[in-house]
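# Inside the fold
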Amino acid sequence: MKSFSRADRVAEQIRRDLAEIIHSELKDPRVRMISLTNVELTPDYAHAKVFFSALDISHLSDISKGFSRAAGFLRHELGRRIRLHTLPELHFIYDDSLERGDSLSRLIDEAAALSGHDEQANP
């Protein structure tokens, strides 16, 4: 079984706490319908990349503006929950891996359908 480093545990705790703060305390409607997918910390814990996904990506610029506006509040609230020597500065980054995975899955399905069609045409 893989053991997680302290940085991994701290990053996961930051992700969980930020998700809770966003959904229970943040009033900005621009960032309500998001999911935090991952957090990556720099080795000195000075910066945290917070990756998020959204149900409606047509409002991605609004969501980013909402996170920019709320970053100070989120960092302050995070500091009340987590005791770290250095509380990281938060950088919110859209995680497009779900869309990429969906796109790849569709391409595979299309290729499989074409392959199956060709096999039926050439017995």
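Just above sits the structure.
Cut-offs applied
Residues numbered from 1 in each chain as written. Predicted model: local features only at pLDDT ≥ 70, side-chain atom pairs only at ≥ 80, totals over all residues. Heavy atoms only, no water. Salt bridge = Lys/Arg side-chain N within 4 Å of Asp/Glu carboxyl O. Buried < 20%, exposed > 50% of the residue type's maximum accessible area, 1.4 Å probe, protein only. Pairing = 2+ DSSP bridges. Helix = DSSP H or I, 4+ residues; strand = E, 2+ residues; numbered from the N terminus. Axes fitted to C-alpha atoms, helices over the stretch in contact; angles between N-to-C directions. Contact = heavy atoms within 4.5 Å. Right-handed = clockwise from strand over helix to strand, strands pointing away.

Next up on the list: the pattern of salt bridges. For the coordinates displayed, the defined rule picks out 6 salt bridges. Here Asp-28 makes a salt bridge to Arg-30, at a shortest N to O gap of 2.7 Å. Residue Arg-30 is classed as partly exposed on the basis of its relative accessible area, which comes to 31%. Where salt bridges share partners, they join Glu-12, Arg-15 and Arg-16 into one cluster.

Spatial strand order, E1-E2-E3: 3 strands in an open sheet with mixed pairing. If you trace the sheet from one side to the other, it starts and ends with strand E1 (34-41) and strand E3 (89-94), each paired once. Looking at each pair of strands side by side, their axes are set apart by 30° on average, direction ignored. As judged from the 7 bridges shared by E1 and strand E2 (residues 47-54), these two strands associate in the antiparallel manner. Looking at the pairing, Ile-34 lines up with Ala-54 of E2. Sheet strands touched by helix H1 (residues 6-24): E1, E2 and E3. Its angle to E1, the strand with the most contacts, is close to 150°. Contacts between helix H2 (residues 60-81) and the sheet are confined to E1, E2 and E3, with E3 contributing the most and set at about 155° to the helix.

Now for the pairing of E2. Across the 8 residues that make up E2, a large majority, 6, are buried. In terms of handedness, the path from E2 via H2 over to E3 forms a crossover that is right-handed.

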